[in-house]
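Single-letter residue listing:
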Amino acid sequence: MEQPVFEGRPGKLPHWASNLEEHVDKKLLIILRDGRKLIGWLRTFDQFANLLVEHIVERHIIFEEKVFADIYLGTMLIRGENVCLFGEVDPERQDGLTEAPLADVLAKEAQNEAETGPFCALQDLVTKQI
Amino acid sequence: MLFFSFFRTLVDRNVQVTVELKNDLCITGTLQSADQFLNLKLANVSVNDPDRYPHLLSVKNCFIRGSVVRYVHLPAHEVDTESLQDSCRREAKQVGPNR
(Lines give C-alpha, C1' and ligand atoms only; values in the text may rest on other atoms or scores of the structure.)
Protein backbone atom coordinates (compact mmCIF):
# COMPACT_ATOMS: atom_id res chain seq x y z
CA MET A 1 0.00 0.00 0.00
CA GLU A 2 1.54 3.31 -1.04
CA GLN A 3 2.39 5.93 1.52
CA PRO A 4 -0.23 8.64 1.69
CA VAL A 5 1.21 11.62 -0.08
CA PHE A 6 0.69 14.21 2.61
CA GLU A 7 1.48 12.10 5.67
CA GLY A 8 3.45 13.74 8.43
CA ARG A 9 2.46 17.27 7.49
CA PRO A 10 -1.23 17.48 8.40
CA GLY A 11 -2.95 20.35 6.69
CA LYS A 12 0.14 21.27 4.65
CA LEU A 13 1.22 20.21 1.18
CA PRO A 14 4.70 18.73 0.81
CA HIS A 15 7.27 21.40 0.05
CA TRP A 16 7.91 19.86 -3.32
CA ALA A 17 4.34 20.11 -4.61
CA SER A 18 3.27 23.32 -6.26
CA ASN A 19 0.73 24.99 -4.07
CA LEU A 20 -2.48 24.89 -6.03
CA GLU A 21 -4.49 25.59 -2.87
CA GLU A 22 -4.54 29.29 -3.69
CA HIS A 23 -6.36 28.52 -6.94
CA VAL A 24 -9.18 26.53 -5.30
CA ASP A 25 -12.63 28.11 -5.69
CA LYS A 26 -11.24 30.43 -8.33
CA LYS A 27 -12.28 30.74 -11.96
CA LEU A 28 -9.55 29.29 -14.13
CA LEU A 29 -8.77 29.23 -17.83
CA ILE A 30 -7.25 25.80 -18.46
CA ILE A 31 -5.41 25.06 -21.68
CA LEU A 32 -5.18 21.38 -22.58
CA ARG A 33 -2.53 19.66 -24.65
CA ASP A 34 -4.90 19.39 -27.60
CA GLY A 35 -5.37 23.16 -27.57
CA ARG A 36 -8.80 23.22 -25.99
CA LYS A 37 -9.56 26.09 -23.64
CA LEU A 38 -11.74 25.27 -20.67
CA ILE A 39 -13.01 27.80 -18.17
CA GLY A 40 -14.39 26.68 -14.83
CA TRP A 41 -14.14 26.78 -11.06
CA LEU A 42 -11.37 24.68 -9.52
CA ARG A 43 -12.55 22.62 -6.58
CA THR A 44 -9.84 20.03 -5.90
CA PHE A 45 -6.47 18.92 -7.23
CA ASP A 46 -3.71 16.45 -6.50
CA GLN A 47 0.02 16.05 -7.00
CA PHE A 48 -0.44 15.06 -10.66
CA ALA A 49 -2.35 18.27 -11.33
CA ASN A 50 -5.52 16.22 -11.84
CA LEU A 51 -8.20 18.88 -11.48
CA LEU A 52 -11.80 18.67 -10.43
CA VAL A 53 -13.52 21.64 -12.06
CA GLU A 54 -17.15 22.74 -11.87
CA HIS A 55 -19.29 24.69 -14.33
CA ILE A 56 -16.87 24.15 -17.18
CA VAL A 57 -17.36 25.86 -20.52
CA GLU A 58 -15.28 24.96 -23.52
CA ARG A 59 -14.46 28.28 -25.16
CA HIS A 60 -13.90 28.42 -28.90
CA ILE A 61 -12.16 31.64 -29.93
CA ILE A 62 -11.72 33.15 -33.39
CA PHE A 63 -8.95 35.59 -32.66
CA GLU A 64 -9.01 37.32 -36.06
CA GLU A 65 -12.65 38.28 -35.64
CA LYS A 66 -12.45 38.79 -31.87
CA VAL A 67 -15.40 36.48 -31.21
CA PHE A 68 -15.94 33.45 -29.04
CA ALA A 69 -18.57 30.83 -28.30
CA ASP A 70 -19.00 28.57 -25.29
CA ILE A 71 -20.12 24.97 -24.88
CA TYR A 72 -21.28 24.12 -21.38
CA LEU A 73 -19.76 20.87 -20.11
CA GLY A 74 -20.66 20.84 -16.42
CA THR A 75 -18.41 19.19 -13.82
CA MET A 76 -15.34 17.26 -14.89
CA LEU A 77 -12.25 15.60 -13.55
CA ILE A 78 -9.39 16.55 -15.85
CA ARG A 79 -6.52 14.09 -15.87
CA GLY A 80 -3.34 16.03 -15.10
CA GLU A 81 -1.32 14.69 -18.02
CA ASN A 82 -3.62 16.57 -20.43
CA VAL A 83 -3.12 19.92 -18.74
CA CYS A 84 -0.73 22.36 -20.39
CA LEU A 85 -1.29 25.33 -18.20
CA PHE A 86 -3.95 27.21 -16.35
CA GLY A 87 -4.37 30.70 -15.01
CA GLU A 88 -6.81 32.64 -12.92
CA VAL A 89 -9.23 34.64 -14.96
CA ASP A 90 -8.91 38.25 -13.92
CA PRO A 91 -12.33 39.90 -14.29
CA GLU A 92 -10.77 43.34 -14.59
CA ARG A 93 -8.69 42.39 -17.61
CA GLN A 94 -10.88 42.73 -20.68
CA ASP A 95 -10.03 40.34 -23.44
CA GLY A 96 -11.93 42.34 -26.05
CA LEU A 97 -13.91 39.36 -27.30
CA THR A 98 -17.63 39.35 -28.02
CA GLU A 99 -19.88 36.33 -27.96
CA ALA A 100 -21.10 34.99 -31.30
CA PRO A 101 -23.43 32.14 -32.31
CA LEU A 102 -21.85 28.74 -31.68
CA ALA A 103 -22.53 27.40 -35.16
CA ASP A 104 -20.75 30.34 -36.80
CA VAL A 105 -17.72 30.09 -34.54
CA LEU A 106 -17.38 26.33 -35.02
CA ALA A 107 -17.75 26.70 -38.78
CA LYS A 108 -15.03 29.36 -38.91
CA GLU A 109 -12.81 27.24 -36.67
CA ALA A 110 -13.25 24.22 -38.95
CA GLN A 111 -12.38 26.45 -41.90
CA ASN A 112 -9.20 27.66 -40.18
CA GLU A 113 -8.22 24.09 -39.32
CA ALA A 114 -8.74 23.03 -42.93
CA GLU A 115 -6.51 25.85 -44.15
CA THR A 116 -3.64 25.42 -41.74
CA GLY A 117 -3.95 21.80 -40.63
CA PRO A 118 -2.63 19.51 -43.36
CA PHE A 119 0.20 21.84 -44.27
CA CYS A 120 1.43 22.51 -40.74
CA ALA A 121 3.73 19.52 -40.67
CA LEU A 122 5.25 20.44 -44.01
CA GLN A 123 5.75 24.03 -42.91
CA ASP A 124 7.47 22.80 -39.78
CA LEU A 125 9.82 20.68 -41.86
CA VAL A 126 10.80 23.68 -43.93
CA THR A 127 11.06 26.35 -41.25
CA LYS A 128 12.47 24.24 -38.44
CA GLN A 129 14.64 22.01 -40.61
CA ILE A 130 13.85 18.90 -38.63
CA MET B 1 16.94 18.09 -7.52
CA LEU B 2 19.56 20.29 -9.12
CA PHE B 3 17.24 22.20 -11.41
CA PHE B 4 14.57 22.43 -8.74
CA SER B 5 17.13 24.21 -6.53
CA PHE B 6 18.24 26.29 -9.48
CA PHE B 7 14.68 27.42 -10.19
CA ARG B 8 14.23 28.27 -6.53
CA THR B 9 17.19 30.66 -6.71
CA LEU B 10 15.63 32.25 -9.79
CA VAL B 11 12.33 32.60 -7.91
CA ASP B 12 14.12 34.40 -5.07
CA ARG B 13 15.57 36.84 -7.55
CA ASN B 14 12.23 37.44 -9.34
CA VAL B 15 13.74 36.61 -12.70
CA GLN B 16 11.71 37.10 -15.85
CA VAL B 17 11.70 34.07 -18.12
CA THR B 18 10.04 32.93 -21.31
CA VAL B 19 8.64 29.41 -21.19
CA GLU B 20 8.31 27.62 -24.52
CA LEU B 21 5.92 24.70 -24.40
CA LYS B 22 5.95 21.52 -26.45
CA ASN B 23 2.91 22.78 -28.37
CA ASP B 24 4.97 25.84 -29.47
CA LEU B 25 3.24 28.30 -27.15
CA CYS B 26 5.54 30.93 -25.61
CA ILE B 27 4.74 32.66 -22.35
CA THR B 28 6.80 35.36 -20.66
CA GLY B 29 6.48 36.14 -16.99
CA THR B 30 8.18 36.45 -13.62
CA LEU B 31 9.02 33.14 -11.97
CA GLN B 32 6.83 32.91 -8.90
CA SER B 33 7.43 29.32 -7.83
CA ALA B 34 8.67 25.92 -8.92
CA ASP B 35 8.32 22.43 -7.56
CA GLN B 36 10.03 19.07 -7.73
CA PHE B 37 8.32 18.22 -11.03
CA LEU B 38 9.57 21.55 -12.39
CA ASN B 39 5.98 22.74 -12.60
CA LEU B 40 6.27 26.51 -12.84
CA LYS B 41 4.16 29.42 -11.74
CA LEU B 42 4.58 32.68 -13.63
CA ALA B 43 3.29 36.06 -12.52
CA ASN B 44 2.30 38.94 -14.80
CA VAL B 45 2.28 36.88 -17.96
CA SER B 46 2.52 38.71 -21.27
CA VAL B 47 2.68 38.04 -24.98
CA ASN B 48 5.88 38.23 -26.99
CA ASP B 49 4.70 36.39 -30.11
CA PRO B 50 0.99 36.80 -30.95
CA ASP B 51 1.00 33.72 -33.20
CA ARG B 52 2.23 31.57 -30.38
CA TYR B 53 0.08 33.13 -27.70
CA PRO B 54 -2.72 31.02 -26.28
CA HIS B 55 -5.28 33.79 -25.82
CA LEU B 56 -4.32 34.37 -22.20
CA LEU B 57 -5.71 37.85 -22.45
CA SER B 58 -7.52 37.94 -19.11
CA VAL B 59 -4.96 35.96 -17.13
CA LYS B 60 -2.28 37.60 -15.00
CA ASN B 61 -0.71 34.59 -13.32
CA CYS B 62 -0.47 31.04 -14.54
CA PHE B 63 0.58 27.55 -13.54
CA ILE B 64 2.50 25.56 -16.13
CA ARG B 65 2.77 21.80 -15.83
CA GLY B 66 6.42 20.78 -15.95
CA SER B 67 5.78 17.92 -18.37
CA VAL B 68 4.69 20.28 -21.18
CA VAL B 69 7.73 22.54 -21.04
CA ARG B 70 10.19 22.37 -23.94
CA TYR B 71 12.46 25.28 -23.04
CA VAL B 72 12.78 27.87 -20.32
CA HIS B 73 14.53 30.85 -21.90
CA LEU B 74 16.65 32.53 -19.22
CA PRO B 75 18.52 35.83 -19.18
CA ALA B 76 22.18 34.87 -19.51
CA HIS B 77 23.34 37.24 -16.79
CA GLU B 78 21.11 35.50 -14.23
CA VAL B 79 22.76 32.13 -14.71
CA ASP B 80 25.92 31.40 -12.75
CA THR B 81 27.24 28.55 -14.88
CA GLU B 82 30.25 27.90 -12.69
CA SER B 83 28.11 27.46 -9.60
CA LEU B 84 25.79 25.17 -11.56
CA GLN B 85 28.70 23.06 -12.74
CA ASP B 86 29.97 22.76 -9.15
CA SER B 87 26.52 21.69 -7.93
CA CYS B 88 26.32 19.19 -10.76
CA ARG B 89 29.68 17.66 -9.83
CA ARG B 90 28.66 17.46 -6.18
CA GLU B 91 25.41 15.72 -7.06
CA ALA B 92 27.19 13.31 -9.34
CA LYS B 93 29.58 12.44 -6.50
CA GLN B 94 26.67 11.85 -4.12
CA VAL B 95 24.91 9.61 -6.58
CA GLY B 96 28.13 7.68 -7.16
CA PRO B 97 30.01 6.41 -10.22
CA ASN B 98 27.89 3.27 -10.62
CA ARG B 99 24.68 5.03 -11.68
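Residues numbered from 1 in each chain as written. Chains lettered and ligands numbered in written order. Predicted model: local features only at pLDDT ≥ 70, side-chain atom pairs only at ≥ 80, totals over all residues. Heavy atoms only, no water.

- As named in an unreviewed UniProt entry, chain B is U6 snRNA-associated Sm-like protein LSm2, taken from Durusdinium trenchii.
- Here is the UniProt Sequence similarities (unreviewed entry) comment for chain B, exactly as written: "Belongs to the snRNP Sm proteins family." (UniProt positions renumbered as here; feature names shortened; annotations may be inferred.)

- As annotated in an unreviewed UniProt entry, chain A carries the name U6 snRNA-associated Sm-like protein LSm1 and is attributed to Durusdinium trenchii.
- Recorded in UniProt for chain A, the comment headed Function (unreviewed entry) runs: "Probably involved with other LSm subunits in the general process of degradation of mRNAs."
- Among the UniProt annotations of chain A, the heading Sequence similarities (unreviewed entry) holds the following wording: "Belongs to the snRNP Sm proteins family."

Brief notes about the environment of B:Ser5
Residues and elements named next belong to chain B.
Here is step 1: Mapping Ser5 onto the fold places it in helix H1 (residues 2-12).
Here is step 2: For Ser5, a relative accessible area of 31% translates into the label partly exposed.
Here is step 3: In this structure, the C-alpha to C-alpha distance between Ser5 and Thr81, residues 76 residues apart in sequence, is 14 Å. (Helix = DSSP H or I, 4+ residues; strand = E, 2+ residues; numbered from the N terminus. Buried < 20%, exposed > 50% of the residue type's maximum accessible area, 1.4 Å probe, protein only.)

Points about the sheet that holds strand E4 (residues 67-78) of chain A
Here is step 1: Reading across the sheet, the 11 strands line up as E6(A)-E4(A)-E3(A)-E2(A)-E1(A)-E5(A)-E4(B)-E3(B)-E2(B)-E1(B)-E5(B) and stay open at both edges, with mixed pairing between neighbours. In the strand order of this sheet, the two ends are held by strand E6 (98-99) of chain A together with strand E5 (69-73) of chain B, each with one partner.
Here is step 2: Where strand E1 (residues 16-21) of chain B and E5(B) come together, four bridges link them in antiparallel fashion. Bridging from a neighbouring strand, B:Val19 pairs with B:Val72 of E5(B).
Here is step 3: Each of strand E2 (26-34), strand E3 (40-46) and E5 of chain B touches H1(B); the most contacted strand, E2(B), lies at about 100° to it. (Pairing = 2+ DSSP bridges. Contact = heavy atoms within 4.5 Å. Axes fitted to C-alpha atoms, helices over the stretch in contact; angles between N-to-C directions.)

With respect to the interface of chain A and chain B
Here is step 1: Facing the 29 residues of chain A at the interface are 25 residues of chain B.
Here is step 2: Counting each side, the surface lost to burial between chain A and chain B is near 2,500 Å², with a carbon and sulfur contribution of 59%.
Here is step 3: Connecting chain A to chain B are one salt bridge.
Here is step 4: Here chain A is connected to chain B by eight residue pairs in polar contact (both at pLDDT 80 or more).
Here is step 5: Put simply, the parts of the chain that give the side of chain A that touches chain B at least two residues each are strand E1 (27-32) and strand E5 (83-89) of chain A.
Here is step 6: The biggest single contributor to the side of chain A that touches chain B is E5(A), with seven residues.
Here is step 7: Per-class residue counts for the side of chain A that touches chain B are 14 nonpolar, six polar and nine charged.
Here is step 8: With four bridges connecting them, E5(A) and strand E4 (residues 59-64) of chain B associate as antiparallel partners. Paired with A:Gly87 across the bridge in E4(B) is B:Cys62. (Buried area = accessible area lost by both parts, 1.4 Å probe. Salt bridge = Lys/Arg side-chain N within 4 Å of Asp/Glu carboxyl O. Polar contact = N/O pair within 3.5 Å; in protein donor to acceptor, adjacent residues only side chain to side chain. Nonpolar A, V, L, I, M, F, W, Y, C, P; charged D, E, K, R; others polar.)

Considerations on unusual backbone geometry
Here is step 1: Although it is not a glycine, A:His55 sits at a positive phi angle of roughly 55°.
Here is step 2: Checked against the element boundaries, A:His55 lands in strand E3 (residues 51-62).
Here is step 3: Positive phi, close to 60°, is recorded for B:Leu38, a residue that is not glycine.
Here is step 4: Here B:Leu38 shows up in the loop between E2 and E3.
Here is step 5: For B:Leu38, a relative accessible area of 29% corresponds to the partly exposed category.

Some details on the pairing of E3(A)
Residue and element names in this part refer to chain A.
Here is step 1: Extensive coverage of E3 is indicated by the burial of nine of its 12 residues.
Here is step 2: In this sheet, E3 lies alongside strand E2 (residues 37-45) in antiparallel orientation, the contact comprising six bridges. Within E3, the position partnered with Trp41 by the bridge is Glu54.
Here is step 3: Between E2 and E3, which follow one another and run antiparallel, lie five residues, and Ala49 among them has a positive phi close to 60°.
Here is step 4: Pairing of E3 with E4 involves 10 bridges; the strand directions are antiparallel. Looking at E4, one finds that His60 is bridged to Ala69.
Here is step 5: Between E3 and the antiparallel strand that follows it, E4, lie four residues; Lys66 among them carries a positive phi value of about 55°.

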